[in-house]
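Survey of secondary and tertiary structure
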Amino acid sequence: MSQLYINPDRLLAFPDIYTDEVLGALEALAPFNEKQKALMEERNQRRAKRIANKELPKFLSDNDRIGSEQLLVSDIRSGNFECSTIPDDLQKQWIQGTGPAAKPNATLESSIRNVAYALLSGADGWMFDGEDALGQINTMSLDNQRNLKLAIRRNPRFLNVAKNVSQEMNTWAQDFLGHAIIHNWEKQLDFTTLIFRARGLHLDDRHIVMENGESFSASITDLTLFVVNNYEALQNQGSSIVLYLPKIQTAEEAAFWNTLLNSLENYLELEKGTIKAYVLIEQLEATYQLLEIRAALGLHFVGFNTGRWDYINSVADALCGIDDFINPNIESITMTYAYMAAYEDRVRKAVNTRDQNGNFSLWQGGMEPNIPVGSAAGVKASMEKALAGARREQAAGASGKWVAHWKMVHIIRPVWEEAGAINQLGRKFGSLTYAEADRLALISLEPAPLAIRGGRNLLSVALQYGNAFLQGFQAAALKPADFFGNDDVLYLMEDMATGEIRLSVLWEWLHKGAHLTEADETLGLSKGDIFTKEIFDQLLAEEYQKLLDAGNRDVHNDSKITTLPIAREIVKTYLLSDIKGPWYIDLLNLNLNNQDLEIAKERISKYYHTLNTTGQRITKNLDFEPNSHINA
């Protein structure tokens, strides 16, 4: 008897994705859903305890053990662990692009253009996103899988699109760079290593539930659908099977991922360690357990990535119970800011620690979100800033960097070309230490502006992002409303992290009594004034009105009476709640495919009632429940 229930409409529409082999593998991994739920409950309890007791994160003790293999922390810190060697197609990953393989409400030929841009971009690798940058309305998670499967197999429908896209890309490059970037489009498709980011352990799938009605892990779903559908084709091409694993908070969670990978390899009769995995270090707790996470993933582990937005959000959330921890304007929190610099330093030390076989791991630098579209002056200033950031990361030891748009590949990649080294494995940065000073460095602040201008930026982009998400655009080009029409200020390519960080920081300001570091004449505020509810209410009214008044280019007109009001309700409820919500995405996910504000209010209220009374999140697709008003 099946353990799973899959939406019948999805089964009929996607037989190429829900193949017999995939369904068999899903059934084989379904028993792990219980452990995933248990790990997420442990997260909830850790977070609640930390808030209630005003605790700070700490390192594991030498005597702690990790995972089913009971790895001893003291052994790991002594180098007695094993990770993967770096396969040939990951040795040089100077630039990795990121983005989804599908578009919302698009034909296959239009949607699969995303994959063509990526594989023709000249990036050394491309992380096709199943998580923060992939919309989840309707069937987008399955469209994403279908497009990747067609592209990997070089299906004629994909090749026809790729040929046309290559011509468009060369037209742009000739104008912007002065030369073509694609000389043989068919050969170019084989240059980029294809990587897939599965959804994190905190998320559940929208189309599958357990037979008993319990929600089913999105991580297990994405892992299974991507690997089972593509492992043979990738291996036949001589390519590695590579994943990015997001939102891991502890080594215990990394060990669970290792169990999933081992189990799937065993089911498919693949050699242990065949599936390779990078881990995104985007959670504060994880930075206290870096070497342990590396060890827990064993032969699958190849490297860490350092992000910015997600990580800042995690710091704000992990320390939401610490009254005097208040982040400044997020524009000030660069990778050289106090706690960010400490974080980056620990990551580079962790990957450059030898395992028992003498192997090091990769450090992939953070995201470059700029898009080279705007006025000549705006593009010039933004590109200079982007290149300066890339040079800093390369000098700091990163073997490569992320970009959020294909147009940035040939702008940023020359930084690593000029440096010349294939990678920076084994650079010496000293050993990881676990002193009290190390612990506190990871949560250290430094003086920086905290101003109404920063608050407006936070609120405007948070509202816009929520609206974009509900429209199916989890990757969206955004900027604060005050800069609409100003081509000197470029749009940034944003994903879910941009919404999370903006609400987390605003919640801090509002609930911890942040003091403004400068006056604001428009609101009649002085330096030292407290950021109050009255100030927030005024900013919300003003920034929301700007979006209503904006042109269709910046805010789709049809969204102004559908999804934008729902985004406003979510933002307002989140920010005014005395109990901080752990994830903005939870509230957005509950309202996917819904354009009725009253239904949205019901769902938001239900979420906060559940959170406040039980400490639990609602992560299930409510459209699986009776009387949910709308179809899945």
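As shown above, the structure is provided for reference.
For the structure given in this document, a descriptive report is provided here. All values derive from a computational prediction rather than experimental measurement. (Residues numbered from 1 in each chain as written. Predicted model: local features only at pLDDT ≥ 70, side-chain atom pairs only at ≥ 80, totals over all residues. Heavy atoms only, no water.)

**Focus: the overall build of the protein chain**
When helices and strands are counted, the protein chain shows 24 helices and 15 strands. In terms of overall dimensions, the protein chain is globule-like: its C-alpha atoms have a radius of gyration of 23 Å, near the 26 Å expected for 632 residues. Dimensions of the protein chain, computed from the C-alpha atoms along their principal axes, are close to 65 × 60 × 60 Å. By residue count, 62% of the 632 residues in the protein chain fall in the buried class. Summarising the internal contacts of the protein chain: among those between residues at least 6 apart in sequence, 78% fall at separations of at least 24. Only carbon and sulfur atoms are counted for the fraction: they give 49% of the accessible area of the protein chain, which is about 23200 Å². (Helix = DSSP H or I, 4+ residues; strand = E, 2+ residues; numbered from the N terminus. Rg over C-alpha atoms; globule rule 2.2 N^0.38 Å. Buried < 20%, exposed > 50% of the residue type's maximum accessible area, 1.4 Å probe, protein only. Contact = heavy atoms within 4.5 Å. Areas by Shrake-Rupley, 256 points an atom, 1.4 Å probe, with all protein chains shown as cover.)

**Overview of the pairing of strand β5 (residues 125–129)**
Judged by how many residues are buried, β5 sits mostly within the fold: five of five residues are covered. On β5, burial covers both faces: G125, M127 and D129 on one face and W126 and F128 on the other are all buried. Pairing of β5 with strand β6 (residues 193–197) involves five bridges; the strand directions are parallel. Its bridge partner lying in β6, G125 is registered against T193. (Pairing = 2+ DSSP bridges.)

**Here's the deal with the nonpolar core**
Membership of the largest hydrophobic core comes to 198 residues, with the highest contact counts inside it found for F304, I412, F531 and L575. What F304 contacts, discounting residues up to four positions off in sequence, is Y278, V279, I281, L290, I293, R294, V347, A350, V351, L362, W363 and Q364. L90, L280, V302 and L362 belong to the second largest nonpolar core, which has eleven residues in total. (Core = buried A, V, L, I, M, F, W, Y, C linked by side-chain atoms within 4.5 Å.)

**Observations concerning the pattern of salt bridges**
Counted by the stated rule, this structure contains 43 salt bridges. Between E344 and R392 there is a salt bridge whose closest N-O contact spans 2.8 Å. Taken together, the residues E344 in helix α15 (residues 338–351) and R392 in helix α16 (residues 376–396) connect sequence positions 48 residues apart. Accessibility expressed as a relative area gives 5% for E344, which makes it buried. Across the pair K401 and E393 runs a salt bridge whose closest N-O atoms are separated by 2.5 Å. Each member of the pair, K401 as well as E393, is classed as buried. By sharing partners, the salt bridges in this structure join D129, E131, D132, R197, K247, E282, D310 and D495 into a single network. (Salt bridge = Lys/Arg side-chain N within 4 Å of Asp/Glu carboxyl O.)

**Comments concerning the environment of K620**
In this structure, K620 sits in the segment after α24 (597–614). A distance of 2.6 Å separates the side chain of K620 from the backbone oxygen of G213, its partner in a polar contact. (Polar contact = N/O pair within 3.5 Å; in protein donor to acceptor, adjacent residues only side chain to side chain.)

**What about helix α21 (residues 533–549)?**
Taking 1.5 Å of rise per residue, the 17 residues of α21 would be expected to cover 24 Å, and the 24 Å separating its terminal C-alpha atoms lies within 8% of that figure. Within α21, burial applies to I535, F536, L539, L540, E543, Y544 and L547. Buried residues in α21, looked at end-on, bunch into an arc of 150°, giving them a common side. Turned more than 90 degrees away from the buried face of α21, the exposed residues are E534 and D549. Where α21 is buried, its residues touch α19 (452–470), α20 (496–511) and α22 (563–576). (Expected span 1.5 Å × (residues − 1). Arc of directions from axis to C-beta.)

The values reported here are purely geometric and, on their own, carry no functional implication.
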